[in-house]
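Survey of secondary and tertiary structure
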Amino acid sequence: MPGNDMLTEKPALTLAAAKKIIAAAEAEALKQGWPVVIAVVDDGGNLLCLHRLDEAQFGSVEIAIRKATSAVAFKRPTKNWEESLASGQQRVLGLPGVLPSEGGVPLVWKDRIVGGIGVSGVRAHEDGQVARAGAAVLG
């Protein structure tokens, strides 16, 4: 019989949680009057939920998904990559899956990354504000 060292249990983001995260992000976007796209992915970068507010540009759909996926893949907000690039570290442009634009945030529950949220449609720091509002749902 296998020992406990062969498998581990991990939390998984549910669709219900993804909807609550998106609702919080949407509330922030509407409060500010920002037409954005909000994407939530699981810990493997798979899309769970996508929300495109009225008047949001369709080009932001893929960007929001990529921001969420990048935040999960590298276990850090995409703002970190934006700051690295701004400081002259152009090597970040060659890293697969990196999107150096604020608006992607890992979703963390009990110190474990369970997914990511990505927002696109307005200025990068505004996307980041909306994403952080959604991520705050998990605490």
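Before reading further, recall that the structure is shown in the block above.
These numbers were taken from a predicted model, which means no experiment stands behind them. (Residues numbered from 1 in each chain as written. Predicted model: local features only at pLDDT ≥ 70, side-chain atom pairs only at ≥ 80, totals over all residues. Heavy atoms only, no water.)

Re the overall build of the protein
Assigned secondary structure in the protein consists of 4 helices and 4 strands. Mapped from its N terminus to its C terminus, the protein presents α and β elements in the order α-β-β-α-α-β-β-α. Whereas a compact globule of 139 residues would reach a radius of gyration of roughly 14 Å, the protein reaches 15 Å, a difference of no more than 12%. Burial statistics for the protein: of 139 residues in total, 40% are counted as buried. Contacts in the protein between residues far apart in sequence, at least 24 positions, make up 60% of those at least 6 positions apart. With 15 positive and 15 negative side-chain charges, the protein shows a spacing of 3 Å between the two charge centroids. (Helix = DSSP H or I, 4+ residues; strand = E, 2+ residues; numbered from the N terminus. Rg over C-alpha atoms; globule rule 2.2 N^0.38 Å. Buried < 20%, exposed > 50% of the residue type's maximum accessible area, 1.4 Å probe, protein only. Contact = heavy atoms within 4.5 Å. Lys, Arg positive; Asp, Glu negative; His and termini not counted. Charge placed at Lys NZ, Arg CZ, Asp CG, Glu CD.)

Topic: the nonpolar core
Counting 21 residues, the largest nonpolar core has Val36, Val40, Leu107 and Ile117 as the members making the most contacts within it. Here this core gets 6 residues from one element, more than from any other, and that element is helix 1 (residues 15-32). If near-sequence neighbours (up to four positions away) are discounted, Val40 is found in contact with Leu13, Ala18, Ile21, Ile22, Asn46, Leu47, Leu48, Cys49, Leu107, Gly116 and Ile117. In this structure, Val37, Ala39, Ala56 and Ile65 belong to the second largest nonpolar core, which totals 5 residues. (Core = buried A, V, L, I, M, F, W, Y, C linked by side-chain atoms within 4.5 Å.)

Focus: the side chain of Glu102
With respect to the helices and strands, Glu102 occurs in the loop between helix 3 (78-86) and strand 3 (104-109). In this structure Glu102 comes out as buried when scored by relative accessible area, which is 7%. A distance of 2.8 Å separates the side chain of Glu102 from the side chain of Arg132, its partner in a polar contact. Here Glu102 is in contact with Lys67, Thr78, Lys79, Glu82, Ala124, His125, Asp127, Gly128 and Arg132, once residues within four sequence places are set aside. (Polar contact = N/O pair within 3.5 Å; in protein donor to acceptor, adjacent residues only side chain to side chain.)

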